[in-house]
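# Structure assessment
The chain contents come next:
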Amino acid sequence: QVQLVESGGGLVQAGGSLRLSCAASGNILSTLLMAWHRQAPGKQRELVASITSGGVPNYNDAVKGRFTISRDNARNMVFLQMNNLKAEDTAVYYCYTRTTPNWGRISWGQGIQVNVSS
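Below: a short report on this structure. Keep in mind that this is a model prediction, so the values were computed, not measured. All residue numbers refer to positions counted from 1 along the written sequence of the respective chain. Reporting of local features is limited, given that this is a predicted model, to residues whose pLDDT is at least 70; pairs of side-chain atoms are given and counted only at 80 or more, and all residues count toward the totals for whole chains, interfaces and linings. Think of the side-chain values as coming from all heavy atoms in the structure, minus any hydrogens and water.

In this section: the packing of aromatic side chains. Pairing of aromatic rings covers Phe, Tyr and the six-membered ring of Trp, with a centre-to-centre limit of 6.5 Å; geometry is then stacked below 30 degrees between planes, edge-to-face above 60, and tilted otherwise. Summed over the entire model, instances satisfying the criterion amount to one aromatic pair. A centroid spacing of 5.0 Å and a plane angle of 70° characterise the contact between Tyr96 and Trp108, whose relative ring orientation is edge-to-face. With Tyr96 in strand β9 (residues 91-100) and Trp108 in strand β10 (residues 105-108), the pair connects residues that are 12 residues apart, well separated along the chain. To sort residues, take the accessible area from a 1.4 Å probe on protein chains only and compare it with the maximum for the residue type: under 20% means buried, over 50% means exposed, and anything in between is partly exposed. For Tyr96, a relative accessible area of 12% corresponds to the buried category. You can call Trp108 partly exposed: its relative accessible area is 38%. The lysine or arginine in question, Arg45, covers the ring of Tyr94, its NZ or CZ lying 3.7 Å from the ring centre. The ring of Trp108 has Arg45 sitting right over it, with the charged end atom 4.8 Å from the ring centre. Put simply, DSSP marks the helices as runs of H or I at least four residues long and the strands as runs of E at least two long, and each gets a number from the N terminus on. Two thresholds decide whether a charge sits over a ring: the Lys NZ or Arg CZ must be within 6 Å of the ring centre and within 35 degrees of the ring normal.

Written out as structure tokens, the structure reads:
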């Protein structure tokens, strides 16, 4: 079993910044791909950013240049630094991870709200 706990969300003004954190715990030998997804009301959940075990990031074009994903393998954590936030970034953000053992078990966090006011 693996549990993901997100923190760092909240309300921020447009142009501001937030840093999301996600801590994975449980039966973890290693963390593989880690990512952040988000879902706005009435919209499909979408990938925001991902990062490989080797530290190679991938970003949704909507956030590229504004968000930075990083990870701390020793602590089984992944972070999302969000700068220059826009109203359209308002969503519930979900942590995602693939971990071993179990051939890359997929886990999702419960989601954390990010509200950007304009």
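Bringing the pairing of strand β5 (residues 46-51) into the picture now. By definition, two strands form a pair when at least two bridges between them are found by DSSP. Judged from the five bridges that link them, strand β4 (residues 30-39) and β5 form a sheet pairing that is antiparallel. Among the inter-strand pairings, His37 is bridged to a residue of β5, identified as Leu47. With three bridges joining them, β5 and strand β6 (residues 57-59) adopt antiparallel strand pairing. When the sheet's bridge partners are listed, Ala49 is paired in β6 with Tyr59.

Function cannot be read off these values alone, since they describe shape.
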